[in-house]
Amino acid sequence: MATCHENDYHVLRPIYSNRVFDEVNERQALEARSLQEQLSRTCRCTDKWAIQKIKGLLPILDWFPKYPVKHWLPSDIVSGVTTGLVCCLQGVAYALLVSVAPVYGLYSAFFPILTYFVLGTSRHISVGPFPVTCLMVGSVVLTFAPDEHFLRPVNMTGVNETITEETIMEVDVESREAQRIMVACTMTVLVGLFQVAMGLMQVGFLVRYLSDPLVGGFTTAAAFHVFISQIKTVLSVPTNNHNGFYSFAYTLSDVGRNINQTNVADLVAGLLTIFIVMAVKEINTKFQHRIPVPIPIEVIVTVIASAISHVMDLNSQYGASIVHSLPKGFAPAQLPDIALIGNILGSSFSTAVVGYAVAVSVAKVYAAKHDYTVDGNQELIAFGVSNIFGGCFSSFVASTALSRTAIQESTGGKSQVAGIISAVMVMIVILALGPFLQPLQKSVLAGIVIANLKGMFMQISDVPILWRQNRTDCLIWIATCLASIVLGLDVGLLAGLVFEMGTVVFRTQFPSCSTLGNVQDTNIYKNMKDYKNIAEIPGIKIFKCNSPIYFANIDYFKEKLRDEVGFDAVQVFKKRNKALKKIHKLIKKGKLKVSEDSLVPVASMGVDNKAFETEQIPKLVNGPVQPDPEVKVQVDWTSELPVSVSVPRVHIHSLVVDFSAVSFLDVVAAKSLKLVVKEFIRIGVSVYIAGCDGELVRRMEALSFFDEEVTRDILFLTVHDAILFIQLETTSRNSQDPLADKISQLQDDKETLPFTDNEDLIETYDNQHLAIHGLSN
């Protein structure tokens, strides 16, 4: 008798099949509503509902009236001023990635903030340019507005010259800039339309398919592309415009070919900027708890670099590449070019998804930190409207940058009031301070861009951690990163997403399956391979599948089940059928005699063959009445057969399938599973399914899984309920041999009468039984 311990507990309850449990606990019927009722319920409108929806669409109506001016406004002012200065410089710098004039970067740091202030749900993110989306827009800009499209013949004194065989050509810079900003603005508007549409359709959940490993690999590859694109600016060497497959290799090739044209002044300024900015950012990070406000090193470097360039006249004296034109004021509104839309649909959609995914990920990080929620679908609408609005005012795609958002939050930002104040700072630069940045070297801006890539490059350190934690996720990271580097960002993102979906399909198509054993004297069943002190119950096989079962993995499920039970039920049935035919031939030829105490391995499908009934023996002509002609023969398929047929051994009488980890079945899986159950039943193995939840049972009923042979009685609440039921059933019929068939034969004076030529062999497959009748005239 087991020893009782202090932590032992005992449960006394009936053995529950699903049918009995539903009857005892009165299973509730699902309320069925007509389409009209559903529409009426959905479209019902009350004052409270309307106000809630309006506040959901315009979150400012909810939070702004409650804004605590005294407590939050001072912090928001400090944060807004600091963040605004950084926004100005990052906007100018990121314009280089889009291949447009720097002033458009300022517009992109201003207009999106205005609409997000009204529509956004995050209190902390800084809306504006993000290097990854800027580079994706830039690749499209260079595709549809390369320099080669704007060449014109000039005299020898022209600038931006390109020598051909016939004449001297130069780039029409004004026309090129106009076309490039048109392409960028058209793509930005299209990105916004995609985001608004997804928000209205409530499909914000789609971003969940962009897992952290996928986003990490993609943004690391994007950082690599950004770095490559800025090398030419730091060195100030001429290169051709490349995008698409292997674009980084072509760019590096051009840089290497023209490396002798490096401008030393630009190179020194760029390297110093990278070193100083990265060093001060490290100081900001290390002493963030001691420094009340992070050092705005980008602002300081830009001011000093502009002053040095202006005083030393680096452009004229050393040929340094500078910003040149940064006009005051705003550009007039313009409509997008409709003719371009059809050509940039794919790139715009991928950019819309990436921009939203990055922004909402950052927003949720700070929302969790400060204990509030972010509405993903409303964020789609907010960014979509911001991009549509900004695109009409010469801005490119807006998202957020982690470094800029970190500055806004760390300097005390409490709400989007800080964002509005930062927009005011950008507006001041656009209206008044722009000309002061005209002497600024472009290599300094490129250095600021490269220095801000450190966080994305540091994601490489996640690879060994992912490898130790989950190798599949690590492979997703590596595959996405390599694909995005080699194939380009848009195609690489698609390739990474396909690879990620492939891993999900692979993991469900080849799920882990196991045989369970019982922990002695408990109702606990665990994988036999994981523990030493658990035992398999004699005559019972417990099989568990840890995955949904559907059309893609049902064949694998059947293969694993066959491997675990040790035989193929279909082959067992065929072999037994073949053995029956041979035995019948031996009886017919008189080579096999049957007496009451003989043991003949004849037709048994593991159950009593109901086709053999007690028959009235006809009187033979000129012969006495025969004795009782029925001979009951015990058949054991595990013993040696009198025929040369190898029948697989069936060492179990019951199979329990644990469905506790199965979340759904589809039509194909239900049909195949039902056939599997019948295959086991016809060879005398009872099948039980345990652990199905109510939704799965309802789905099985809807798929017509149950019939007269496969009934709901095979369903049990738990594996233990099924095991106890099997043991009770086995005990109640222990005096019966389930492997018994009856053979009726005519006998005369203990001699077996041979079958006549008129004997008929009847094989019936009705109700999964096989019968052999010998009839004599």
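The numbers attached to residues start from 1 for each chain and follow its sequence in the written order. Only residues with pLDDT of at least 70 get local features here, since the model is predicted, and only at 80 or more are side-chain atom pairs given and counted; chain-wide, interface and lining totals rely on the full set of residues. The side-chain values count all of the structure's non-hydrogen atoms but skip hydrogen atoms and water molecules.

Let us look at the overall build of the protein. Numbering goes from the N terminus for both helices and strands, where a helix is a DSSP run of H or I of at least four residues and a strand is a run of E of at least two. A tally of regular secondary structure across the protein gives 29 helices and 16 strands. Split into buried and exposed, the 777 residues of the protein put 47% on the buried side. Of the contacts made within the protein by residues no fewer than 6 positions apart, 81% connect residues no fewer than 24 positions apart. For every residue, the accessible area (1.4 Å probe, protein chains only) is compared with the maximum for its type, and the residue is labelled buried under 20%, exposed over 50%, or partly exposed between those bounds. Residues are treated as being in contact if the distance between any of their heavy atoms lies within 4.5 Å.

You will see that Ser236, though not glycine, has its phi angle at about 60°, which is positive. You can see Ser236 is positioned in the loop between helix H10 (212-235) and helix H11 (247-257). Notably, Asp313 is not glycine yet its phi reads approximately 50°, a positive angle. Within the secondary structure, Asp313 is located in the loop between helix H13 (297-312) and helix H14 (314-318). Since its relative accessible area comes to 33%, Asp313 is described here as partly exposed.

Attention now moves to the packing of helix H16 (residues 345-369) against helix H17 (residues 376-391). For any two helices packed against each other, one specifies the inter-axial angle together with the distance between the axes. Taken N-terminus to C-terminus, the directions of H16 and H17 make an angle of 125°; their axes are 10 Å apart at the nearest point. It follows from the interaxial angle that H16 and H17 lie oblique. For the pair H16 and H17, the crossing hand works out as right-handed. In this structure, H16 contributes Tyr356, Ala359 and Val360 to the contact, and H17 contributes Gly376, Asn377, Glu379, Leu380 and Phe383. Axes here mean lines fitted to C-alpha atoms, for a helix over just the part in contact, with angles spanning 0 to 180 degrees between N-to-C directions. Reported orientations rely on four angle classes, namely roughly parallel under 35 degrees, roughly antiparallel over 145, roughly perpendicular from 65 to 115, and oblique for the rest. By definition, any crossing whose near helix is turned counterclockwise from its far helix by less than a right angle is left-handed, and any crossing with a clockwise turn is right-handed.

This next bit is on the packing of aromatic side chains. Each aromatic ring pair is described using two quantities: the centre-to-centre distance and the angle formed by the ring planes. Stacked, tilted and edge-to-face are the three classes assigned to paired rings of Phe, Tyr and Trp, where Trp is represented by its six-membered ring and a pair needs centres within 6.5 Å; plane angles under 30 degrees give stacked, over 60 edge-to-face, the rest tilted. All told, the structure shown has 29 aromatic pairs when counted by the stated rule. Centroid distance Tyr104 to Tyr107: 5.8 Å. Interplanar angle 75°. Geometry classified as edge-to-face. Separated by three residues within a single helix, Tyr104 and Tyr107 lie in helix H6 (residues 103-108), roughly one turn from each other. The exposure class assigned to Tyr104 is buried, which follows from its relative accessible area of 17%. Take Tyr107: its relative accessible area is 4%, and that puts it in the buried class.

Looking now at the pattern of salt bridges. Two side chains of opposite charge can pair, provided their charged atoms sit close to one another. Should a side-chain nitrogen of Lys or Arg be within 4 Å of a carboxyl oxygen of Asp or Glu, the pair is scored as a salt bridge. Taken as a whole and assessed by the stated rule, the structure comprises twelve salt bridges. Notably, a salt bridge pairs Lys541 with Glu536, separated by 2.7 Å at the nearest N-O pair. Lys558 is the partner of Asp555 in a salt bridge, and the nearest nitrogen-oxygen pair spans 3.9 Å. With Asp555 and Lys558 both in helix H25 (residues 554-565) and three residues apart, this pair spans about one turn of that helix. With relative accessibility at 28%, the residue Lys558 sits in the partly exposed group. Salt bridges sharing common partners tie together Lys674, Lys678 and Asp707.

This part takes up the nonpolar core. Counting 94 residues, the largest nonpolar core has Val98, Tyr104 and Val132 as the members making the most contacts within it. In this description, a nonpolar core means a group of buried Ala, Val, Leu, Ile, Met, Phe, Trp, Tyr and Cys residues linked to one another through side-chain atoms lying within 4.5 Å. Among the nonpolar cores identified, the runner-up in size contains 37 residues, and Val565, Ala669, Phe680 and Met700 belong to it.

Next up on the list: the side chain of Ser484. Its place among the elements puts Ser484 in helix H23 (residues 471-487). Residues within four places of Ser484 in sequence aside, it is in contact with Phe218, Ala221, His225, Leu489, Gly492 and Leu493.

A contiguous nonpolar patch, built from Ile283, Phe287, Ile295, Ile300, Ile304, Ile308, Val311, Met312 and Tyr318 and spanning about 800 Å² of accessible area, is present on the exposed surface. Broken down by element, the residue count for the nonpolar patch peaks at five residues, all from H13. With respect to the helices and strands, Val311 occurs in helix H13. Only residues whose relative accessible area exceeds 30% and that form no salt bridge enter a patch; like-charged residues are grouped when within 9 Å of one another, and nonpolar side chains (Val, Leu, Ile, Met, Phe, Trp, Tyr) when within 5 Å. In this description, accessible areas are obtained by the Shrake-Rupley approach with a 1.4 Å probe, and a residue is regarded as covered only by the protein chains that are shown.

Time to look at a positive patch on the surface. Where like charges cluster on the molecular surface, the positive patch consists of Lys581, Lys585, Lys589 and Lys591. With respect to the element layout, Lys591 can be found in the loop between helix H26 (569-588) and strand S10 (630-634). Note that His is not counted, nor are the chain ends; the positive residues are Lys and Arg, and the negative ones are Asp and Glu. Throughout, a charge is located at the NZ atom of Lys, the CZ atom of Arg, the CG atom of Asp or the CD atom of Glu.

Okay, the confidence of the model for the protein next. Overall, the predicted model of the protein reaches an average pLDDT of 79, with 82% of residues at or above 70. Low confidence marks residues 597-634, where pLDDT is under 50. Its contacts with residues over four positions away, or in another chain, come to 106 contacts. Across residues 735-777, where pLDDT falls below 50, the model places 105 contacts with residues more than four positions away in sequence or in other chains. Think of pLDDT as the predictor's per-residue confidence, scored from 0 to 100.

Packing of helix H5 (residues 69-98) against helix H20 (residues 442-451) leaves a shortest axis separation of 9 Å and a crossing angle of 95°. Classified by the angle between their axes, H5 and H20 sit roughly perpendicular to one another. Touching Leu89, Val92, Ala93, Tyr94, Leu96 and Leu97 of H5 are Lys442, Leu445, Ala446 and Val449, all from H20.

With that settled, the discussion passes to the environment of Ala670. Within the secondary structure, Ala670 is located in helix H27 (residues 667-681). Its relative accessible area of 3% is what places Ala670 among the buried residues. Note: C-alpha distance between Ala670 and Phe706 (36 residues apart in sequence) is 9.8 Å.

Counting buried residues in strand S11 (residues 654-658) gives five out of five residues, a clear majority hidden from the surface. The alternating pattern of S11 places Ser654, Val656 and Asp658 on one face and Leu655 and Val657 on the opposite face, and all of these are buried. Pairing of S11 with strand S12 (residues 686-690), which is carried by five bridges, proceeds in the parallel orientation. Paired with Asp658 across the bridge in S12 is Ala690. Orient the strands so they point away from the viewer; a crossover is then right-handed if the path from the first strand over the helix to the second runs clockwise. Viewed along the sheet, the connection from S11 through H27 into S12 turns out right-handed. Note: two strands are recorded as paired if DSSP finds a minimum of 2 bridges between them.

A helix's residues, less one, multiplied by 1.5 Å, set its expected span. Between its terminal C-alpha atoms helix H24 (residues 489-509) stretches 29 Å, which fits the 30 Å expected from 21 residues at 1.5 Å a residue. Three or more residues of H24 are buried, namely Leu489, Gly492, Leu493, Gly496, Glu500 and Thr503. Considered in projection along H24, the buried side chains sweep an arc of 105° and stay on one side of the axis. Exposed residues lying more than 90 degrees from the buried face of H24 are Leu494, Val498 and Phe506. Buried-residue contacts for H24 involve helix H8 (131-144), H10, H16 and H23. The arc in question is the one traced by the directions running from the helix axis out to the C-beta atoms.

Here we take up the pairing of strand S6 (residues 513-519). Among the seven residues in S6, six count as buried, and that is most of the element. Of the pairings in the sheet, the one linking S6 to strand S9 (residues 540-545) comprises three bridges and is antiparallel in character. If you follow Ser514 over to S9, its bridge partner there is Lys544. Judged from the three bridges that link them, S6 and strand S7 (residues 525-527) form a sheet pairing that is antiparallel. Along S7, the bridge assignment pairs Gly517 with Lys526. From the end of S6 to the start of S7, which pair antiparallel, there are five residues, and Asp521 there has a positive phi angle of about 65°. Bridge count between S6 and strand S8 (residues 534-535): two bridges; the pairing is antiparallel.

Tracing the sequence through the fold places Arg176 in helix H9 (residues 173-200). A distance of 3.3 Å separates polar atoms of two side chains, one belonging to Arg176 and the other to Glu177. Apart from the residues within four sequence positions on either side, Arg176 is in contact with Ala145, Asp147, Phe150 and Val171. Polar contact is defined as a pair of N or O atoms within 3.5 Å, subject to the rule that within protein one atom must be able to donate a hydrogen and the other to accept it, and that residues adjacent in sequence are counted only when both atoms are side-chain atoms.

A separate point is the state of the cysteines. Note that a disulfide, as used here, is simply two cysteine sulfur atoms within 2.5 Å. Under the definition given, this model contains zero disulfides. Here Cys88 is not cross-linked by a disulfide; its sulfur's nearest cysteine counterpart is in Cys87, at 7.0 Å.

Checked against the element boundaries, Val268 lands in helix H12 (residues 264-286). The spacing of Val268 and Val444 is 176 residues in sequence and 9.4 Å in space, taken between C-alpha atoms.

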